[in-house]
Amino acid sequence: MRRPRRWWGRKSTPAKVETYTRWSFHFFGVIEILMIGVSAFGQVGPRLATGLSLLVIPHAAVCMLFSSRALDWTRGRRAQPLRLLWALAVLTAVFAIGAIGIAERGPGGDGVNAAVGSVFAGVLCFGAGTITLGVRNRRHVVAVVGGFALGAGVVSFPLGMPGIASAAVAGLVLVAGGFLAFTSIFSVWLLNAVYTLDEAKETRARLAVAEERLRFGRDLHDVMGRNLAVIALKSELSVQLSRRGRPEAVEQMIEVQRIAQESQREVRDVVRGYRETDLEVELAGARGVLTAAGIDCEMSGETSGLPAEVQSALGWVVREATTNVLRHGDAEKVAVVVRTSEGRVVLTVENDGVSDAAGANPAVGSDGSGRPAATGGSGLAGLRERLSAVDGTLEAGDTGQGVFRLTAEVPLPPTTAGAVLEVAS
């Protein structure tokens, strides 16, 4: 049972919907065989029932093949299967007429008429509903279903069916074929909508990263723009004074040195403000982002009274875990727990988005970072570096129940541990 579960778990949500849609179309072929081909054995003799089944089974197989290729066409993976479309249309007409031909040359009886009628109408219904997967224009869909229904009435009447029976067969093909066509088209539309939403989710993540980069760039521009302009101006002035042998050149270079040192300090402040995080802010942000992505998020625990360096380290854990869930996992539920025990703060993040064969979180790479090893300072490897600065530890892995758990532990300073435990109590 674990292999199918892992095979299914490795798929993204759009891929799961596509697999479900593809096998639903294949199941239509199975229904055609069971309802029409197999049921004929209960209505007529084995010989005639076998002949009718030999018409239904190949037709169902061609319908399965065409639906699969048509689905690939709608996803842009192959060209429109026009030859197979026309082949299916011709086979549908030939098999439907062949069923009536078998009845004309076979034994009579009500059971024979019922079996032949079900094969005749069923092949036309399933054929019309499947062929609509290969066209996009609504008018073409209506033309396909209407054409098969009209053809059923036109063909059945000259072959000896009464006028009312021919009209009933045409109406049955129109209704049943139209229902199958609507079901098929709606399934494809739903699949395309899921892929579009998944692409929008990725685009939103990229835009968030780009917006953060722009913000950081603006901050650096505001800090460095004016100072660099002043440095350039004073350096040029110092050059001119030096050429004239003026002692003021030394003063100007001293000022340039001071501004350069001040710029370094301001840049460090900007980077420090960019890197430092607040645990409560990160938890609130994670809840909002995960909820917006349709993921159920549960958070519990107390964060007040924790030292700034502890909050910063754990805030990065929350940020990285949230990023991994959004970008790499396929989670439906995330649980975040913060607790203080025996002078240590323990942050646990669990999600049910485990999706690879090894049971590891898809965000974790070969080095445990979720990215190539050359990108040091990112992913889980970067988190371990940050936690090590405060004597913290990080553990991540599959719990064996389809849940990925990330646990970070950070010791509290002796003076802070008592205060935090008092607040928690």
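In this report, we go over the structure that sits alongside the text. These figures come from a predicted structure and were not determined experimentally.

A short note on the overall build of the chain
Along the backbone of the chain there are twelve helices and five strands. Looking at the chain residue by residue over its 425 residues, the buried ones come to 39%. Summed over its atoms, the accessible surface of the chain is roughly 23,400 Å², and 60% of this surface lies on carbon and sulfur atoms.

Points about the nonpolar core
Judged by nonpolar contacts, the single largest core of 50 residues is most densely connected at Leu52, Phe148 and Val173. Secondary structure elements with two or more residues in this core: α2 (13-37), α3 (46-74), α4 (82-105), α5 (110-131), α6 (138-156) and α7 (163-243). Broken down by element, this core gets its largest block of residues, twelve residues, from α5. When residues no more than four places from it in sequence are discounted, the contact partners of Phe148 are Ala89, Thr92, Leu124, Ala128, Ile131 and Val173.

Quick look at the packing of aromatic side chains
Under the defined criterion, the tally for this structure stands at three aromatic pairs. Ring centres of Phe25 and Phe28 lie 6.2 Å apart, and the angle between their planes is 45°; on these two criteria the pair is classed as tilted. Taken together, the residues Phe25 and Phe28, both in helix α2 and three residues apart, mark about one turn of the helix. Overall, the relative accessible area of 5% leaves Phe25 in the buried class. Plain terms: the ring middles of Phe182 and Phe186 are 6.1 Å apart, the flat faces sit at 20° to each other, and that makes the pair stacked. Of this pair, Phe182 and Phe186 both sit in helix α7, separated by four residues, roughly a single helical turn. What links up through ring pairs into an aromatic cluster is the set Phe182, Phe186 and Trp189. Positioned over the ring face of Tyr195 is Arg75, at 3.8 Å from the centre of the ring. The ring centre of Trp316 lies 4.5 Å from the NZ or CZ of Arg319, which sits over that ring.

Digging into helix α10 (residues 308-327)
Spanning 20 residues, α10 covers 28 Å between terminal C-alpha atoms, matching the ideal 28 Å at 1.5 Å per step. Here α10 lies mainly inside the structure; 14 of its 20 residues are buried.

Overview of the sheet that holds strand β1 (residues 296-301)
Sheet strands pair via backbone hydrogen bonds, and the direction of the pair is either parallel or antiparallel. Read across the sheet, five strands follow the order β1-β2-β3-β5-β4 without closing on themselves; strand pairing throughout is mixed. Every other strand in the sheet has two partners, leaving β1 and β4 (393-398) as the edge strands with one partner each. Within this sheet the neighbouring strands show an average axis-to-axis angle of 10°, counted without direction. Pairing between strand β2 (residues 333-341) and strand β3 (residues 344-351): eight bridges, direction antiparallel. Paired with Ser341 across the two strands is Arg344, which belongs to β3. Contacting β2, β3 and β5 (404-411), α10 runs over the sheet at an angle of about 5° to β3.

Side note on the packing of α2 against α3
As a packed pair, α2 and α3 sit with axes 9 Å apart at the nearest point and diverge in direction by 170°. As far as their axial angle goes, α3 and α2 are roughly antiparallel. Of the two possible hands of crossing, α2 and α3 adopt the one that is right-handed. Every residue of α3 that contacts α2 at Glu18, Thr21, Arg22, Phe25, His26, Gly29, Val30, Glu32, Ile33, Ile36 and Gly37 is listed here: Ser53, Val56, Ile57, His59, Ala60, Cys63, Met64, Ser67, Ser68, Leu71 and Asp72. Split by residue class, the contact of α2 with α3 holds ten nonpolar, eight polar and four charged.

Digging into the pairing of β5
Across eight bridges, β3 lies against β5 in antiparallel orientation. Bridged to Val346 within β5 is Glu409. Examined bridge by bridge, β4 and β5 share six bridges and lie antiparallel to one another. Residue pairing for β5: Gly397 is matched across the bridge by Arg405.

What counts and what doesn't
Residues numbered from 1 in each chain as written. Predicted model: local features only at pLDDT ≥ 70, side-chain atom pairs only at ≥ 80, totals over all residues. Heavy atoms only, no water. Helix = DSSP H or I, 4+ residues; strand = E, 2+ residues; numbered from the N terminus. Buried < 20%, exposed > 50% of the residue type's maximum accessible area, 1.4 Å probe, protein only. Areas by Shrake-Rupley, 256 points an atom, 1.4 Å probe, with all protein chains shown as cover. Core = buried A, V, L, I, M, F, W, Y, C linked by side-chain atoms within 4.5 Å. Contact = heavy atoms within 4.5 Å. Phe/Tyr/Trp six-rings, centres within 6.5 Å; stacked < 30°, edge-to-face > 60°. Lys NZ or Arg CZ within 6 Å of the ring centre and 35° of its normal. Expected span 1.5 Å × (residues − 1). Pairing = 2+ DSSP bridges. Axes fitted to C-alpha atoms, helices over the stretch in contact; angles between N-to-C directions. Parallel < 35°, antiparallel > 145°, perpendicular 65-115°, else oblique. Left-handed = near helix turned anticlockwise from the far one by under 90°. Nonpolar A, V, L, I, M, F, W, Y, C, P; charged D, E, K, R; others polar.

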